[in-house]
Amino acid sequence: MTSPANRGQRTRAHHVELAQRILDLVSEARMKKGSRLAEQWIATQCRVSRTPVRAALQLLAQQGVTEYRPGEGHRLAVDPRTAPGVDSRLPEPPEEILFGAVIRDRAARRLSKTLTVSALMRRYRAPRTTVQKVLQSLAEHQLVERAPGQRWVFRPNLDSADAVAESYRYRLLLEPAALEHPGFSVDGPRLASLRATLESLLGMPADRLDVHLFFESDHELHDTVARGCANRFIGDTLIHHQRLRRLSGSPVQPNLHRLREATREHLGIINQIEGGRMEVAADLMRIHLRLAGEQRPKMAHWGAPAAFRGIGDGR
Amino acid sequence: MSRAKLIALFPEASFGAALNCVGIAQALERQGARPVFICHEGFKGVFSDYGFQEYHLASGGSLTDAERDEFWQAFIARHLPHFRLSPKEQLSTYVAPTWDAIVDTANRAERPLQRILDSLRPDAVVLDNVVMFPAIRNSGLPWARVVSCAETEIPDPAVPPYLSGCPTDDEACHRDFAAAYAQAVASPHERFNRFLAAHGMSRYPPGQFLETSPWLNLLLSPDIVRRRRKYPLEPERFVFLNGCVREEAPSLLPGFPRNEDSPLVYVSFGSLGAMDVQLFRDLIAAFSDMPYRFLVNVGANRDAYETVPDNVYIDSWFVQPSVVSQCDLFIHHGGNNSFGEALYYGVPSLIMPYCWDGHDNACRVGETATGRALPRYGWPRAALQETIGGLIHDAALRRRLADNARAMQAFNGTAVAAKAILSLTDGSRS
């Protein structure tokens, strides 16, 4: 279990770490200023998927280590042997920090349902313009809406057991449909690097299992399905929902067995997509979502003495 | 190739017993056996989530969600005031009604259990409960009893009575409680004896609802809190596990806007204990100005909390062993599972009991200097804060608990349990 902001911090920490690994990699490969940095090559070398590679390259570009040109991708802007280490202190844009903090604090019930600009300014010591931009952005993501009297109200988010259950039911309708819809676009390199990540997860011993990487790979798979869908309406709504999931964070960490089973299920779905058996992939996705949706939130309602539960059930 | 031994684990429908048994089942599997679970319908899914086959005891009636909610609201309203009472006062208000209900549960479970055992024919049965099910004894199968409550569950003249919370050396307290207990549970006990007789078993002596197994009894109690007994338990039949903790993946801890990197306190009173929302609001208010971080398990009532302080994180469920292993203090209700996990990871306990063997462990934690106890209600805020700070910064206590944790982890209680259970199936124990 983790809060969204904490996950955001960890994600950023992973990106910083990956950026440093990329610098080491290109240095070992004796690349020179101007060399092209292929995302897939880096993903394969670092045994991660392309999404974090993109983020790490973006970080390096912000620090002037790489240069990005549309249509060409990233090239080394400096000689890697003379490049300084990755500056992990590089500040994120204030709106992005505040955006994450507001969602995190609402999920953790640190913010009440109703918001005002002035209250947010006081809590986060942020200027009015920043707060207003963040509220606008939250509204665009349908996370808040205006209320009478200069107030804003949080819309239902994925931060309760009921909402998570609804999310699973929603995904159960749409994700298999995305796979079954004619014309699904298979992102082969992305799936291949995701496979490498999943296989590395299965090889990790229990006490060193990288739960963060599990959550990243989970997002990666479901995002790939959303983006591959040929029906723009299904695809768009799923992309939006995946983003909402990512921002809100999963309220529950599965147990060890379930983490491994889910990883195997992800691999099974990839196998079927790669083999072009989209209906089987859709069926496996249904099973995967059903099993995942049956996880812990319901357990919060258990645990009363067996005896009394027995009376309740037998009445 | 020989068939894997089939072991049927039957824990009571409480998380402590259920998750202890998951730990034992994980070890059984590692030792080549095929563990399966028999469970009440209310625990459907708990064991399959961990990859084990489940067989459910049909209760013969089921409620709609609305009826279940209504039942629970009534249950909470009826019993919350009782959790403020002393162990002796709880005998008539909580303990006796609970035994009555347990007898009802055993009655309802008997035939479904017979059917499951007849069809499964396991090589051995593991019973983690506080009550006997004649179907187990009448099956003729070897069976092990897991004592997952405090060690007081197995009586001895030198050990305080079960559920009493009496100090070890207070014999007057022992006598007084034992007499009150016998009187309070006389009626459910008589009903239980009639149930045993109806299934061909002899009557149990007053106050006893479960016998020790003639084959094997597994006691979770860690060595550091073991009792001195007048009549030592035979080591052939009674195996102490020195803790019994399941394997889980590492947990990601949430971030805190305040006190990041400060000592971490985990607070969990179990799902039933979390039902008193006002108590949790009071606790959270007391935590708010302390220089620590708090993870608070608020059970099913997460939505009842709206203004959580920046150094507190609430949730409905935590992967407890993983969280406990990362914290500096564990505040809990004295459930034997929680107490055992705290000791297994070298974490001091602050016990605030409200029922059952929590009272016994609350007394024991002080006697063994493995933490401290406070009443669940009526604590002055300053006393609570001082106790928390004192336990977190007691370096000598931490060193002692760390040494003990190393010994417990090296002992590997789940593996010891699995090996002993499998010995029931190969003729090496009879």
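Because the structure is predicted, anything quoted here is derived from the model rather than measured.

Draft legend 1. Broad picture of the overall build of chain A. The secondary structure content of chain A amounts to 13 helices and six strands. Of the contacts formed within chain A by residues at least 6 apart in sequence, a portion of 69% connects residues at least 24 apart. Here chain A has roughly 14600 Å² of accessible surface; of this, 51% comes from carbon and sulfur atoms.

Draft legend 2. Representation of the overall build of chain B within the structure. Within chain B one finds 14 helices and 13 strands. Against the globule reference of 22 Å for 430 residues, chain B gives a C-alpha radius of gyration of 21 Å, in line with a compact fold. When the backbone C-alpha atoms are referred to their principal axes, chain B occupies close to 60 × 50 × 50 Å. Taking all 430 residues of chain B together, the buried fraction comes to 62%.

Draft legend 3. A look at the environment of Glu140(A). Along the chain, the position of Glu140(A) falls in helix 6 (residues 128-140). For the pair formed by Glu140(A) and Ile287(A), sequence separation is 147 residues and the distance between their alpha carbons is 33 Å.

Draft legend 4. Just the environment of Asn271(A), in detail. Residues and elements named next belong to chain A. Mapped onto the fold, Asn 271 is located in helix 11 (residues 256-274). According to the relative accessible area criterion, Asn 271 is partly exposed, its value standing at 33%. Considering only alpha carbons, one finds Asn 271 and Ala 281, ten residues apart in sequence, at a separation of 8.0 Å.

Draft legend 5. Spatial organisation of the pattern of salt bridges. All chains considered together, the criterion is met by 42 salt bridges over all chains. Notably, a salt bridge pairs Glu306(B) with Arg106(A), separated by 3.1 Å at the nearest N-O pair. Here Glu306(B), found in the loop between strand 9 (293-297) and strand 10 (312-315), pairs with Arg106(A), found in helix 4 (residues 94-107), and the two come from separate chains. A relative accessible area of 29% places Glu306(B) in the partly exposed class. Across the pair Arg229(B) and Glu151(B) runs a salt bridge whose closest N-O atoms are separated by 2.9 Å. Of the two residues, Arg229(B) sits in the loop between strand 6 (216-219) and strand 7 (238-240) while Glu151(B) sits in the loop between strand 5 (143-147) and helix 5 (171-184), which places them 78 residues apart along the sequence. For the pair Arg229(B) and Glu151(B), one class covers both residues: buried. One continuous salt-bridge network, built from bridges that share partners, spans Arg104(A), Asp105(A), Arg110(A), Arg123(A) and Asp310(B).

Draft legend 6. Spatial organisation of the packing of aromatic side chains. Residue and element names in this part refer to chain B. This model, assessed by the stated rule, comprises 21 aromatic pairs over all chains. Taken together, a centroid distance of 6.5 Å and an interplanar angle of 70 degrees make the contact between Tyr 292 and Phe 294 edge-to-face. For Tyr 292, a relative accessible area of 6% corresponds to the buried category. For Phe 294, a relative accessible area of 0% gives the class buried. Plain terms: the ring middles of Tyr 344 and Tyr 345 are 5.1 Å apart, the flat faces sit at 85 degrees to each other, and that makes the pair edge-to-face. For Tyr 345, a relative accessible area of 25% gives the class partly exposed. One aromatic cluster is present, formed by Trp 99, Tyr 162, Phe 192, Phe 195, Tyr 204, Phe 209 and Trp 356 through successive ring pairs. Positioned above the aromatic ring of Tyr 377 is the side chain of Arg 84, whose terminal nitrogen or guanidinium carbon lies 4.0 Å from the ring centre. For Arg 281, the ring lying beneath its charged end belongs to Tyr 305, and the centroid distance is 5.8 Å.

Draft legend 7. Structural context of the pairing of strand 2 (residues 34-40) of chain B. Residues and elements named next belong to chain B. Of all seven residues in strand 2, six are buried; the element is thus mostly enclosed. Here strand 1 (residues 6-11) runs beside strand 2; their pairing, made up of four bridges, is parallel. Counted as the bridge partner of Leu 9 is Phe 37 from strand 2. Of the crossover connections in this fold, the one passing from strand 1 over helix 1 (residues 15-30) to the parallel strand 2 is right-handed. Of the strand pairs in this sheet, strand 2 and strand 3 (residues 53-57) are connected by five bridges, and their pairing is parallel. Bridge pairing links His 40 to Leu 57 in strand 3.

Draft legend 8. View of the state of the cysteines. Residue and element names in this part refer to chain B. By the definition in use, this model includes one disulfide over all chains. At a sulfur-sulfur separation of 2.0 Å, the disulfide partner of Cys 166 is Cys 173. Classification of the bridge connecting Cys 166 and Cys 173 rests on its S-S torsion, roughly -75 degrees, and on that basis the disulfide is left-handed. Using a relative accessible area of 3% as the deciding quantity, one classes Cys 166 as buried. We note that Cys 244 lacks a disulfide partner, and the nearest cysteine sulfur, in Cys 21, lies 7.5 Å from it.

Draft legend 9. Broad picture of helix 1 of chain B. Residue and element names in this part refer to chain B. Given a rise of 1.5 Å per residue, 16 residues ought to cover 22 Å, and the 22 Å separating the end C-alpha atoms of helix 1 matches this to within 8%. Judged by how many residues are buried, helix 1 sits mostly within the fold: 13 of 16 residues are covered. Looking at the residues trailing helix 1, positive phi occurs at Gly 32, about 95 degrees.

What counts, and where the lines are drawn
Residues numbered from 1 in each chain as written. Chains lettered and ligands numbered in written order. Predicted model: local features only at pLDDT ≥ 70, side-chain atom pairs only at ≥ 80, totals over all residues. Heavy atoms only, no water. Helix = DSSP H or I, 4+ residues; strand = E, 2+ residues; numbered from the N terminus. Contact = heavy atoms within 4.5 Å. Areas by Shrake-Rupley, 256 points an atom, 1.4 Å probe, with all protein chains shown as cover. Rg over C-alpha atoms; globule rule 2.2 N^0.38 Å. Buried < 20%, exposed > 50% of the residue type's maximum accessible area, 1.4 Å probe, protein only. Salt bridge = Lys/Arg side-chain N within 4 Å of Asp/Glu carboxyl O. Phe/Tyr/Trp six-rings, centres within 6.5 Å; stacked < 30°, edge-to-face > 60°. Lys NZ or Arg CZ within 6 Å of the ring centre and 35° of its normal. Pairing = 2+ DSSP bridges. Right-handed = clockwise from strand over helix to strand, strands pointing away. Disulfide = S-S within 2.5 Å. Expected span 1.5 Å × (residues − 1).

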